[in-house]
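The lines below spell out each chain.
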Amino acid sequence: MAMLNDGWAEARLAGAQREGDTMTVRVRFYRAEGVEGSRVLYGTLSKSVWETDIYIVAGDKKYLLLKDSEGNAIAPANLMLDDDGPQAGAWYGTFPAPPAGEAAVLHLPAMEPLGPFPAP
């Protein structure tokens, strides 16, 4: 579990799945009681965002989001959270897979690091 920097919601690991040499990480966000409105963690997934703000650290290595055949990062184009219900939003990202069993920590914009969790 990790909190947004402003305490508006908490992030929980929803799963990490390995497929060959890639790992997809899923996160769900749950808003804190009494908060209203919405939050934008990133409005567009520009190269500067996915190269500096979204990554996994495992061991002494940093793993950046993978790109598709068109050069776009494999993650949602934006990350916006709302207060329509207890679950404020969800996110996923695909990274090179760290060695199985190694402790991994996910970094996303505007929130505490999430983890450690074992790489599948």
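Placed above this text is the structure.
Numbers given for residues are sequential positions, taken from 1 along each chain in its written order. Totals for whole chains, interfaces and linings use every residue, but because this is a predicted model, local features are given only for residues with pLDDT of at least 70 and side-chain atom pairs only at 80 or more, for both listing and counting. Each side-chain value is worked out from all heavy atoms of the structure, with water and hydrogens disregarded.

(A) Focus on the nonpolar core. Phe29, Ile54, Ile56, Leu81, Trp91 and Leu106 are the most contacted members of the largest nonpolar core, which totals 35 residues. Think of it this way: any DSSP run of H or I at least four residues long counts as a helix, any run of E at least two long counts as a strand, and we number them from the N terminus. The dominant element in this core, judged by the number of residues it contributes, is strand β3 (residues 22–31), at four residues. Here, residues are in contact when the closest pair of their heavy atoms is within 4.5 Å. Those residues in contact with tryptophan 91, other than ones at most four positions away along the chain, are Val25, Arg26, Val27, Phe29, Tyr42, Ile54, Leu65, Ala75, Pro76, Leu79, Leu106 and Leu108. Residues belong to a common nonpolar core when they are buried Ala, Val, Leu, Ile, Met, Phe, Trp, Tyr or Cys residues joined through side-chain atoms within 4.5 Å. Per-residue accessibility, obtained with a 1.4 Å probe over protein chains only, is compared with the maximum for each type, and a residue is labelled buried under 20%, exposed over 50%, and partly exposed between these values.

(B) Representation of the pattern of salt bridges within the structure. Throughout this description, the term salt bridge denotes a Lys or Arg side-chain nitrogen within 4 Å of a carboxyl oxygen of Asp or Glu. Tallying each qualifying case throughout the model produces three salt bridges. Two residues, aspartate 6 and arginine 39, come together in a salt bridge whose shortest N-O distance is 2.6 Å. Taken together, the residues span a long stretch of sequence, with aspartate 6 in the loop between β1 (2–3) and β2 (9–19) and arginine 39 in strand β4 (residues 39–42) at a distance of 33 residues. Of the residues examined, aspartate 6 reaches a relative accessible area of 48% and is grouped as partly exposed. By relative accessible area, arginine 39 is classed as partly exposed at 28%. With a shortest N-O distance of 3.9 Å, glutamate 51 and lysine 47 are connected by a salt bridge.

The values reported here are purely geometric and, on their own, carry no functional implication.
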